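Residue strings, one per chain:
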Amino acid sequence: MDELAGTSVAVVGSGFGGLSTACYLADAGADVTVVEKNEQIGGRASVLERDGFRFDMGPSWYLMPDVFEEFFADFGRRPTDYYDLTHLDPHYRIFFKDNEGRRPGRDAPGLDVDTDGDTIDVTPDREQVKAVFDAYEPGAGDVLDDYLAKSRENYEIGMEHFVKEDRPRVRDWLDPSLAEYARGLTLLGSMQDHVEDYFDHPKLQQVMQYTLVFLGGSPDTTPALYNLMSHVDFNLGVYYPEGGMNGVAVGMADLARELGVEFLTDHPVTQIKGRRGGFKVETDGDEGAVLADVVVSDADYAHTEQELLPPQKRQYDADYWESRTYAPSAFLLYLGVEGDVDELAHHTLVLPSDWQQHFDEIFEEPAWPDDPAYYLCVPSKTDDTVAPDGHSNLFALVPIAPGLDDTPAIRESYRDLVLDDVAENTGVDLRDRIVVEETFSVSEFADRYNSYQGTALGLAHTLRQTALFRPPHRSTALDGLYFTGAFTTPGIGVPMCLISGDITADYVIDDAV
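Just so it is clear, the structure is predicted and the values come from calculations on it, not from any experiment.

**Focus: the state of the cysteines**
Phase 1: Overall, the coordinates contain zero disulfides when judged by the stated rule.
Phase 2: Cys377 takes part in no disulfide bond, and the closest cysteine sulfur to it belongs to Cys497, at a distance of 19 Å.
Phase 3: Between Cys497, a cysteine without a disulfide, and Cys23, which holds the nearest cysteine sulfur, the sulfur-to-sulfur distance is 14 Å.
Phase 4: Since its relative accessible area comes to 11%, Cys497 is described here as buried.

What follows is the structure in structure tokens.
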């Protein structure tokens, strides 16, 4: 394809949305330069290296493998041309801090019943998972089959006709064919309402909704359509890519270079000047300004508009951004520890029975959670290159409200709370075994990624911030400026950012021909 032959494009930011857009535009013949603020490619999928340990700093779940396969196939490649995949077993482990609801009435593989709090494994074996569900709620195993059949239907129809197609105007939703596609889809109500229609036991409801963390929402505010994530979890599976999620970003960057894309790292963008056919992207890097016919921003949308553009070139004012609902920030604790952590899986979730309190402390009354739900990742369970011999690599992630104060004193206190909680609820005492330790929280998300209020993900997936209610890919205030990434459609998550890049590239191409 050569629709963009002779067109120069500057892509601001090398997150997954920026990498995806760059590949599609270069494949269409454009001369593409990616301008990255930080020292490495990948945006939030950066890597932290310390004393023989290598940590994925951002996303760590490889979900929706079909989206990655489709992305690479668009360029005649396969994911395995750039990285290998390991199907995780178990997909993840859940430690429940306490026991609410009916006690298990039978034994089941992958279920450890404990008076202080049960533990369950969710594996690729559907029959094993059904046995666990039946142990808590007789008949729930067959109900799970029904739930996942509906989730598969929602996924297949939703992805094809709603996720991969951008519909930014009200009239785009008046297409009569949409009514046919939408018939039978679960569109109304919240995820909490939807899950309660299928399962009574609070533990089973939590299992079906933990993926909301990846959408930056809560059970009461996330639209029921996102039950499609259960198809992603149970049917498509959970994988680990060679080199972690940073390895995926590196693979995409290698593909981009094969297509002719150039990268400038350590080049923070300070201003975007001009318009279509005559942009000047000012940077603080050694190369200075980058000239381009078109600009695509994969930087934080609010930062781009409020800091890089003059007021007359902005679509939204400060009040707009202040009024949005943002996905959580996070308190991250990267740990290199001596010895093994046998009790933990590659992915481990630790959940209190009353996780609504934690969601309220994120979205309703922002505060550091006293009884947090959190996630532990131990990639050294699968990849022996991420830690020295005789050591384990793990990180803890606690979702917290964006904009919270995270002073050194607060962080130190919360670090102790998290390590105490891990010891109490998983049986893994890390406190005297730590040889490498780094924290990352609200301040770093804001400083490293120019993230609004230090959000880790962007705009939450509430009903009023879904589909046409998200900021557009094409600027309505500045001709030739486009946006990609998690603030746009389809939204949050690495696979969604790959799709966002494709959508943005289509806009650029359509406007050029």
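**What to know about the packing of helix H2 (residues 65-73) against helix H10 (residues 244-258)**
Phase 1: Running from N to C, H2 and H10 cross one another at 15 degrees; their axes reach a closest spacing of 12 Å. Between H2 and H10, the angle falls in the class roughly parallel. In terms of crossing hand, the pair formed by H2 and H10 is left-handed. Residues Phe68, Phe71 and Phe72 of H2 touch H10, and the partners they reach there are Met245, Val248, Met252 and Leu255.
Phase 2: Taken together, the residues of the contact of H2 with H10 break down into seven nonpolar, no polar and no charged.

**Some details on the sheet that holds strand S1 (residues 8-12)**
Phase 1: On the basis of which strands lie adjacent, the open sheet formed by five strands has the order S10-S2-S1-S14-S20 and parallel pairing. Looking along the sheet, the strands with just one partner apiece sit at the ends: strand S10 (262-264) and strand S20 (481-483). Across the sheet, the axes of successive neighbouring strands diverge by a mean angle of 20 degrees, strand direction being ignored.
Phase 2: Of the pairings in the sheet, the one linking S1 to strand S2 (residues 31-35) comprises five bridges and is parallel in character. Pairing of Ala10 across the sheet is with Thr33, part of S2.
Phase 3: Lying over the sheet, helix H16 (residues 494-512) contacts strand S14 (294-297) and S20, oriented at roughly 160 degrees with respect to S20.

**Regarding a negative patch on the surface**
Phase 1: The grouping of Asp98, Glu100, Asp193, Glu196, Asp197, Asp200, Asp220, Asp354, Asp360, Glu364 and Glu365 at the surface amounts to a negative patch.
Phase 2: Its place among the elements puts Glu365 in the loop between helix H13 (356-363) and strand S17 (374-377).
Phase 3: Judged by relative accessible area, which is 62%, Glu365 ranks as exposed.

**Re helix H15 (residues 442-449)**
Phase 1: For H15, the full list of buried residues reads Val442, Phe445, Arg448 and Tyr449. Down the axis of H15, the smallest arc covering the buried residues is 155 degrees, so these residues share one side.
Phase 2: Looking at the buried residues of H15, the elements they touch are strand S15 (329-338), strand S18 (391-400) and strand S19 (434-440).
Phase 3: Just downstream of H15, Asn450 is the residue with a positive phi angle, here 50 degrees.

**Considerations on the pattern of salt bridges**
Phase 1: Inspection of every chain in the model, using the stated rule, returns 28 salt bridges.
Phase 2: Note that Arg474 and Asp511 form a salt bridge whose closest N and O atoms lie 2.9 Å from each other. Of the two residues, Arg474 is situated in the loop between H15 and S20 and Asp511 in helix H16; the sequence distance between them amounts to 37 residues.
Phase 3: Exposure remark for Arg474: the relative accessible area of 32% places this residue in the partly exposed category.
Phase 4: Since its relative accessible area comes to 32%, Asp511 is described here as partly exposed.
Phase 5: A single salt-bridge network, built from bridges that share partners, covers Arg126, Glu127, Lys130, Asp142 and Asp145.

**Some details on the environment of Asp293**
Phase 1: The topology assignment puts Asp293 in the loop between strand S13 (290-292) and S14.
Phase 2: Residue class for Asp293 comes out partly exposed when judged on its relative accessible area of 23%.
Phase 3: The sequence separation of Asp293 and Lys280 amounts to 13 residues, and the corresponding C-alpha distance is 8.8 Å.
Phase 4: Not counting the four nearest positions on each side in its chain, Asp293 is found in contact with Gly6, Thr7, Ser8, Arg275, Arg276, Gly277, Gly278 and Phe279.

**As for the pairing of strand S3 (residues 47-50)**
Phase 1: Two strands pair when backbone bridges link them, and S3 and strand S4 (residues 53-56) are joined in this way by four bridges, in the antiparallel orientation. Bridging from a neighbouring strand, Leu48 pairs with Phe55 of S4.

**A short note on unusual backbone geometry**
Phase 1: Following Asp89, the chain continues to Pro90 via a peptide bond in cis, the omega torsion being 5 degrees.
Phase 2: Within the secondary structure, Pro90 is located in the loop between strand S5 (85-87) and strand S6 (92-96).
Phase 3: Here Thr489 and Pro490 are connected by a cis peptide whose omega angle stands at 0 degrees.
Phase 4: Among the structural elements, Pro490 can be located in the loop between S20 and H16.
Phase 5: If you check the backbone angles, Asp266 has positive phi at about 55 degrees while not being a glycine.
Phase 6: Along the chain, Asp266 turns up in the loop between S10 and strand S11 (269-273).

**Observations concerning the side chain of Thr455**
Phase 1: If you trace the backbone, Thr455 turns up in the loop between H15 and S20.
Phase 2: In this structure the side chain of Thr455 is engaged in a polar contact, spanning 2.9 Å, whose partner is the backbone oxygen of Ala327.
Phase 3: Apart from the residues within four sequence positions on either side, Thr455 is in contact with Arg44, Tyr326, Ala327, Pro328, Ser329, Pro402 and Phe445.

**Examining the packing of aromatic side chains**
Phase 1: Per the stated rule, a full pass over the model turns up 35 aromatic pairs.
Phase 2: Relative to Tyr83, the ring of Tyr62 lies with its centre 6.0 Å away and its plane at 75 degrees, an arrangement referred to as edge-to-face. Taken together, the residues span a long stretch of sequence, with Tyr62 in the loop between S4 and H2 and Tyr83 in the loop between H2 and S5 at a distance of 21 residues. Judged on exposure class, the residue Tyr62 and its partner Tyr83 are both buried.
Phase 3: Centroid distance Tyr375 to Phe395: 5.8 Å. Interplanar angle 85 degrees. Geometry classified as edge-to-face. With Tyr375 in strand S17 and Phe395 in strand S18, this residue pair connects regions lying 20 residues apart in the sequence.

**A word on the environment of Asp81**
Phase 1: By the element assignment, Asp81 lies in the loop between H2 and S5.
Phase 2: C-alpha of Asp81 to C-alpha of Lys164: the two residues are 83 residues apart in sequence and 24 Å apart in space.
Phase 3: A polar atom in the side chain of Asp81 sits 2.8 Å from the backbone nitrogen of Arg78.

Conventions and cut-offs
Within every chain, residues take consecutive numbers counted from 1 along the sequence as written. Where totals are concerned, whole chains, interfaces and linings use all residues; where local detail is concerned, this predicted model gives features only for residues with pLDDT of at least 70, and gives and counts side-chain atom pairs only at 80 or more. Hydrogens and water are ignored here; the side-chain numbers use all heavy atoms of the structure. Criterion for a disulfide: a pair of cysteine sulfur atoms at a distance within 2.5 Å. Only protein chains enter the accessibility calculation, which uses a 1.4 Å probe. A residue is then buried if its area is under 20% of the maximum for its type, exposed if over 50%, and partly exposed in between. Axes here mean lines fitted to C-alpha atoms, for a helix over just the part in contact, with angles spanning 0 to 180 degrees between N-to-C directions. A run of H or I in DSSP becomes a helix once it reaches four residues, and a run of E becomes a strand once it reaches two; helices and strands are each numbered from the N terminus. Angles are sorted into four bins: roughly parallel if under 35 degrees, roughly antiparallel if over 145, roughly perpendicular if 65 to 115, and oblique for all others. Throughout, a crossing is termed right-handed when the near helix is turned clockwise from the far one, and left-handed when it is turned anticlockwise from it by less than a right angle. Contacts are residue-level and defined by heavy atoms, with any inter-residue pair within 4.5 Å sufficient. Classification used: nonpolar for Ala, Val, Leu, Ile, Met, Phe, Trp, Tyr, Cys and Pro, charged for Asp, Glu, Lys and Arg, polar for all others including Gly. Whether two strands pair depends on DSSP finding at least two bridges between them. Surface patches are drawn from residues lacking salt bridges whose relative accessible area is over 30%; two like charges belong together within 9 Å, two nonpolar side chains (Val, Leu, Ile, Met, Phe, Trp, Tyr) within 5 Å. Surface exposure here means Shrake-Rupley accessible area, sampled with a 1.4 Å probe, where a residue is shielded only by the protein chains that are shown. Any carboxyl oxygen of Asp or Glu that lies within 4 Å of a side-chain nitrogen of Lys or Arg is treated as forming a salt bridge with it. In this charge count, Lys and Arg are treated as positive and Asp and Glu as negative; neither His nor the chain ends contribute. Think of each charge as sitting on NZ of Lys, CZ of Arg, CG of Asp or CD of Glu. The arc in question is the one spanned by the directions pointing from the helix axis to the C-beta atoms. The definition of a polar contact used here is a pair of N or O atoms within 3.5 Å, where within protein one atom must be able to donate a hydrogen and the other to accept one, and adjacent residues in sequence count solely through side-chain atom pairs. Ring pairs shown here join Phe, Tyr and Trp side chains whose ring centres sit within 6.5 Å, with only the six-membered ring taken for Trp; geometry is labelled stacked below 30 degrees between planes, edge-to-face above 60, and tilted in between.

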